[in-house]
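Structural overview for review
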Amino acid sequence: MAQESITIARPYADAIFARAKESSSLEQWSQTLELLGTIMSDAAMSDVVGNPNISKQQLTEMILGIGGEQLTGEAENLVRLLVENGRLVIAPEIATLFEERKNAERGVLEVELVSAYVIDEDQKQALADALKAKLGSDINMTTSEDPELIGGMRIRAGDLVIDGSVQGQLTKLANELGI
């Protein structure tokens, strides 16, 4: 996620989370936002949203039609608000931030681990245990590989980023040297 998109999406996610908590509908909102995020992650839909020949009314009706029964009531109002404010494209970020808030409420922290090489289950569990001890939350970790890191790993837990990759160290050195 780009930092700008996160900054724009955060107030929406916070407001939806507060409303979902107030109405005891966290899971329903979670499913709704996941659907909306999935719709907006589709490349064809991105083209539609960016098309100046499609009115806000047409775009709203299209999204509500795709979402069907899951986008009614307050969810319908959210779609109308996002379309009106030109923020429909940040729906995936809103969904991600909402899930982070929901997990934080439950004492679970979402952690993304990117490493240069495959991490086996024992290493993953050891890292999760160390992060749990350091951050004081249960850890739900997703892993992926990125050979461009050269070696080491990058860990992202919410706004916290721990970059222990060789690529990160080389970038830091280059910045310090003014290269």
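Keep in mind it's a predicted model, so treat the numbers as computed, not measured.

Conventions we followed
- Residues numbered from 1 in each chain as written.
- Predicted model: local features only at pLDDT ≥ 70, side-chain atom pairs only at ≥ 80, totals over all residues.
- Heavy atoms only, no water.
- Helix = DSSP H or I, 4+ residues; strand = E, 2+ residues; numbered from the N terminus.
- Expected span 1.5 Å × (residues − 1).
- Buried < 20%, exposed > 50% of the residue type's maximum accessible area, 1.4 Å probe, protein only.
- Arc of directions from axis to C-beta.
- Contact = heavy atoms within 4.5 Å.
- Domains from an automatic or database assignment.
- Salt bridge = Lys/Arg side-chain N within 4 Å of Asp/Glu carboxyl O.

1. Some thoughts on helix H4 (residues 56-67)
- In this model, H4 (12 residues) spans 16 Å end to end at C-alpha, consistent with the 16 Å of a helix rising 1.5 Å per residue.
- Looking only at H4, the buried set comprises Leu-59, Thr-60, Ile-63, Leu-64 and Gly-67. Within H4, the buried residues cover an arc of 125° as seen down the axis, which keeps them to one side. Turned more than 90 degrees away from the buried face of H4 sit Gln-57 and Gly-65, all of them exposed.
- As for H4, its buried residues are in contact with helix H2 (26-41), helix H3 (43-49) and helix H5 (74-84).
- Directly beyond the C-terminal end of H4, a positive phi value near 60° is found at Gly-68.

2. Re the domain arrangement of the chain
- Annotation of the chain at the domain level lists domain 1 (1-103) and domain 2 (108-177).
- In this structure, domain 1 and domain 2 have C-alpha centres spaced 29 Å apart.

3. Quick look at the pattern of salt bridges
- If you walk through the whole model with that rule in mind, you get 11 salt bridges.
- With its nearest N and O atoms 2.7 Å apart, the salt bridge here joins Glu-105 to Lys-21. Of this pair, Glu-105 sits in helix H6 (residues 91-105) while Lys-21 sits in helix H1 (residues 3-22), and the two are 84 residues apart along the sequence.
- Look at Glu-105 and you get partly exposed, because its relative accessible area is 43%.

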